[in-house]
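So the chains spell out like this:
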Amino acid sequence: MQQLESLIRAAENEVSRQMQVCNACRYCETFCAVFPAMTRRLEFGAADAHYLANLCHNCGACLHACQYAPPHEFAVNVPQAMARVRRETYEAFAWPQPLGALYRRNGVTLALATAGGLALFLLLAIAMKGSLFHEPLAGNFYAIFPHSMLVWMFGAAFGWAVLALAIGAVRFWRGQSPGAVGSAAAVEATKNALALTYLDGGHGDGCNEEDDRFTLARRRFHHLTFYGFMLCFASTCVATLYHYALGLQAPYALTSLPVILGTVGGIGLLIGPAGLLWLNLRRDPMHGDAAQRPMDRAFIVLLFATSLTGLALLAWRDTGAMAALLAVHLGTVMALFLTLPYGKFAHAVYRSAALLKWSIERRQPNRLRIGGD
Ligand code: HEM
Ligand code: SF4
Ligand code: SF4
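On a predicted model such as this, the values are computed, not experimentally measured, just so you know.

**Quick word on the coordination of the iron atom of ligand 1**
1) Next: The protein atoms that coordinate the iron atom of ligand 1 are His 222 (NE2) and His 347 (NE2), at distances of 1.9 to 2.0 Å.
2) Next: In this structure, the iron atom of ligand 1 is surrounded by six donor atoms whose angles at the metal cover 88 to 179°, and the resulting shape is octahedral. You can see His 222 sitting in helix α10 (residues 217–244) and its partner His 347 sitting in helix α14 (residues 346–361), a full 125 residues away along the chain.
3) Next: A relative accessible area of 22% means that His 222 is categorised as partly exposed.

Right under this line is the structure:
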């Protein structure tokens with residue numbers, strides 16, 4: 001705990017130091033929301049550092065534009081300083097607090113080992129009941145695992161993730177004392193989150209990735225990932241409605257709403273993470289925090305594996321390999337759910353909160369009256 005405290009102070013202090021330099025320079029004032037938010041402050045405490053860090057979209061534009069970037073002695077690297085504080089946000093507001101340490105260990109190896117271990121466990125469970133390969137069952141998953149068992153297992157894991165992330169968000173929000181949430185601010189923040197407005201570098205041409213060139217690739221791959229994920233989630237919700245409200249049992253036809261939503265979402269969730277991983281592997285290391293790369297990549301790989309195994313299950317659900325494919329898919333989804341509150345997914349929660357705070361703040365008068373939004 002003592003070590004975490006000192007790390008939080010070091011990362012926050014570095015953001016504070018760099019913001020003092022930027023506040024005197026202000027060259028990047030129009031790039032994103034971070035700089036106008038900065039101009040409303042003269043001092044940067046811990047809460048300010050966490051707010052600005054989660055408002056920064058890591059587009060890299062201010063690093064490439066900065067005359068004080070390393071090797072200059074001021075060593076201004078805003079995206080990197082902000083990235084370091086973001087992990088401190090995830091850890092500091094984690095619930096239960098001791099599990100915050102998982103953000104440091106949530107790498108690709110752990111993600112794949114969890115998915116593989118769970119899949120193996122389910123494969124063994126099937127093998128103990130009979131044979132792993134079977135007569136085609138016309139896609140009837142519940143002949144392998146009962147519906148109620150799946151609902152309990154996945155409902156509990158998902159409920160835990162929602163609870164842990166919601167408690168973190170409430171703690172973060174309380175520390176910010178942002179004022180009342182107006183409807184105009186809420187609509188604007190939602191739009192900025194859904195459109196990823198601040199991944200455009202301030203000029204609409206996009207982010208920097210491996211060099212000075214701008215590209216919209218990260219925003220586009222993120223949209224495919226985000227909306228693909230949402231469609232898969234919608235597919236599960238519709239299927240639940242079919243089951244409980246309409247009494248319609250799976251398997252559903254290829255032309256049914258749950259299957260269409262799942263297929264379109266799954267394709268998005270395949271292309272999006274593949275693209276994000278490709279960009280992540282090429283990105284200039286100066287943009288981010290090298291220590292967080294395993295966490296970022298673990299999340300991307302798990303999202304990709306979830307859609308790949310899901311689409312494979314759909315493609316071969318009428319064959320004798322359905323049980324084995326189901327076990328592998330369920331193991332992967334369970335690993336994704338279990339790591340959701342202690343991995344990269346946390347960014348969605350804290351970034352949305354920071355965007356909302358910014359939309360509230362920019363509607364309040366700037367008491368400093370020294371420029372800025
Ligand atoms: C709801 C609000 C969300 C916002 C505002 C948001 C914003 C961002 C931003 C700005 C980045 C780039 C900087 C960084 O690496 O942190 C990012 C990365 C990422 N996001 Fe989101 N995101 C949201 C939700 C989601 C969701 C729901 C998913 C998937 C289920 C997702 C998947 C990813 C992935 C995989 C990356 C890593 C990309 C990389 O390492 O380059 N995001 N997000
Ligand atoms: S990042 Fe560099 S150029 Fe941009 S405002 Fe800060 S000091 Fe100025
Ligand atoms: S990296 Fe991009 S989003 Fe972050 S502060 Fe710089 S310009 Fe703004």
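**Some points on the site of ligand 2**
1) Next: Every residue lining ligand 2 is accounted for by Cys 22, Cys 25, Arg 26, Tyr 27, Cys 28, Phe 35, Cys 62, Cys 66, Gln 67, Tyr 68 and Val 76.
2) Next: Here the shell around ligand 2 is built from residues that sort into nine nonpolar, one polar and one charged.

**Things to note about the packing of α10 against helix α11 (residues 257–282)**
1) Next: Interaxial distance between α10 and α11 falls to 7 Å at its minimum, and their mutual angle equals 155°. What the angle tells us is that α10 and α11 run roughly antiparallel. Of the two possible hands of crossing, α10 and α11 adopt the one that is left-handed.
2) Next: Its residues assigned to classes, the contact of α10 with α11 comprises 20 nonpolar, 10 polar and one charged.

**Section: the site of ligand 3**
1) Next: Around ligand 3 sit Phe 31, Cys 32, Val 34, Phe 35, Cys 56, His 57, Asn 58, Cys 59, Gly 60, Cys 62, Val 78 and Pro 79, and those are all the residues in its vicinity.
2) Next: Of the residues assigned to the shell around ligand 3, the class counts are nine nonpolar, three polar and no charged.

**Focus on the nonpolar core**
1) Next: Ranked by size, the top nonpolar core spans 42 residues in total, and within it Met 19, Val 34, Phe 35, Leu 52, Leu 55 and Met 82 carry the most contacts.
2) Next: Every element with two or more residues in this core is listed here: α1 (2–25), α2 (34–38), α3 (46–55), α4 (61–65), α5 (78–92), α9 (183–195) and α14.
3) Next: For this core, the domains that each give at least three residues are domain 1 (2–94) and domain 2 (99–345).
4) Next: In this view, Leu 52 contacts Met 19, Val 34, Ala 37, Met 38, Phe 44 and Met 82; residues no more than four positions away in its chain are not counted.
5) Next: Counting 25 residues, the second largest nonpolar core, distinct from the first, contains Tyr 90, Ala 161, Leu 269 and Ala 353.

**Quick notes on the packing of aromatic side chains**
1) Next: Applying the stated rule across the entire model yields 16 aromatic pairs.
2) Next: Each ring, one from Tyr 90 and one from Tyr 350, has its centre 5.8 Å from the other, and the planes form 25°; the classification is stacked. Taken together, the residues span a long stretch of sequence, with Tyr 90 in helix α5 and Tyr 350 in helix α14 at a distance of 260 residues. We note that Tyr 90, like Tyr 350, is buried.
3) Next: Seen from their ring centres, Phe 93 and Tyr 350 are 6.3 Å apart, and the 40° between their planes marks the pair as tilted. Placement of Phe 93 in the loop between α5 and α6 (102–105) and of Tyr 350 in helix α14 is noted, with a sequence separation of 257 residues between them.
4) Next: Here Phe 93 falls in the buried class, since its relative accessible area comes to 17%.
5) Next: Of note, Lys 357 hangs over the ring of Tyr 51, and the distance from its end group to the ring centre comes to 4.6 Å.

**So, the side chain of Arg 218**
1) Next: Position of Arg 218 among the secondary structure elements: in helix α10.
2) Next: The buried category is assigned to Arg 218, whose relative accessible area is 8%.
3) Next: Among all residues touching Arg 218, those that are not within four sequence positions of it are His 57, Asn 58, Cys 59, Leu 199, Cys 207, Asn 208, Glu 209, Leu 276, Leu 279 and Arg 283.

**Concerning the pattern of salt bridges**
1) Next: In total, this model carries 15 salt bridges according to the counting rule given.
2) Next: In this structure, Arg 213 and Asp 211 form a salt bridge, with 2.7 Å as the shortest nitrogen-oxygen distance.
3) Next: Residue Arg 213 is classed as exposed on the basis of its relative accessible area of 54%.
4) Next: For Asp 211, a relative accessible area of 27% corresponds to the partly exposed category.
5) Next: A salt bridge links Asp 296 to Lys 344; the nearest nitrogen and oxygen atoms lie 3.4 Å apart. In this pair, Asp 296 sits in helix α12 (residues 293–315) while Lys 344 sits in the loop between α13 (322–339) and α14, placing the two residues 48 residues apart along the sequence.
6) Next: Because the salt bridges share partners, they merge into one network encompassing Arg 87, Glu 88, Glu 91 and Arg 104.

**What to know about a nonpolar patch on the surface**
1) Next: There is a patch of nonpolar side chains on the surface, built from Leu 99, Leu 102 and Trp 160 and spanning about 230 Å² of accessible area.
2) Next: Mapping Leu 99 onto the fold places it in the loop between α5 and α6.

Reading the values: the criteria
Residues numbered from 1 in each chain as written. Chains lettered and ligands numbered in written order. Predicted model: local features only at pLDDT ≥ 70, side-chain atom pairs only at ≥ 80, totals over all residues. Heavy atoms only, no water. Donors = N, O, S within 2.8 Å, 3.2 Å for Na, K, Ca; no water. Tetrahedral: all angles 85-135°; square planar, octahedral: opposite > 155°, others 65-115°. Helix = DSSP H or I, 4+ residues; strand = E, 2+ residues; numbered from the N terminus. Buried < 20%, exposed > 50% of the residue type's maximum accessible area, 1.4 Å probe, protein only. Near = heavy atom within 4 Å. Nonpolar A, V, L, I, M, F, W, Y, C, P; charged D, E, K, R; others polar. Axes fitted to C-alpha atoms, helices over the stretch in contact; angles between N-to-C directions. Parallel < 35°, antiparallel > 145°, perpendicular 65-115°, else oblique. Left-handed = near helix turned anticlockwise from the far one by under 90°. Core = buried A, V, L, I, M, F, W, Y, C linked by side-chain atoms within 4.5 Å. Domains from an automatic or database assignment. Contact = heavy atoms within 4.5 Å. Phe/Tyr/Trp six-rings, centres within 6.5 Å; stacked < 30°, edge-to-face > 60°. Lys NZ or Arg CZ within 6 Å of the ring centre and 35° of its normal. Salt bridge = Lys/Arg side-chain N within 4 Å of Asp/Glu carboxyl O. Patch = residues over 30% accessible without salt bridge, like charges linked within 9 Å, V, L, I, M, F, W, Y side chains within 5 Å. Areas by Shrake-Rupley, 256 points an atom, 1.4 Å probe, with all protein chains shown as cover.

Keep in mind these numbers describe shape, not what the thing actually does.
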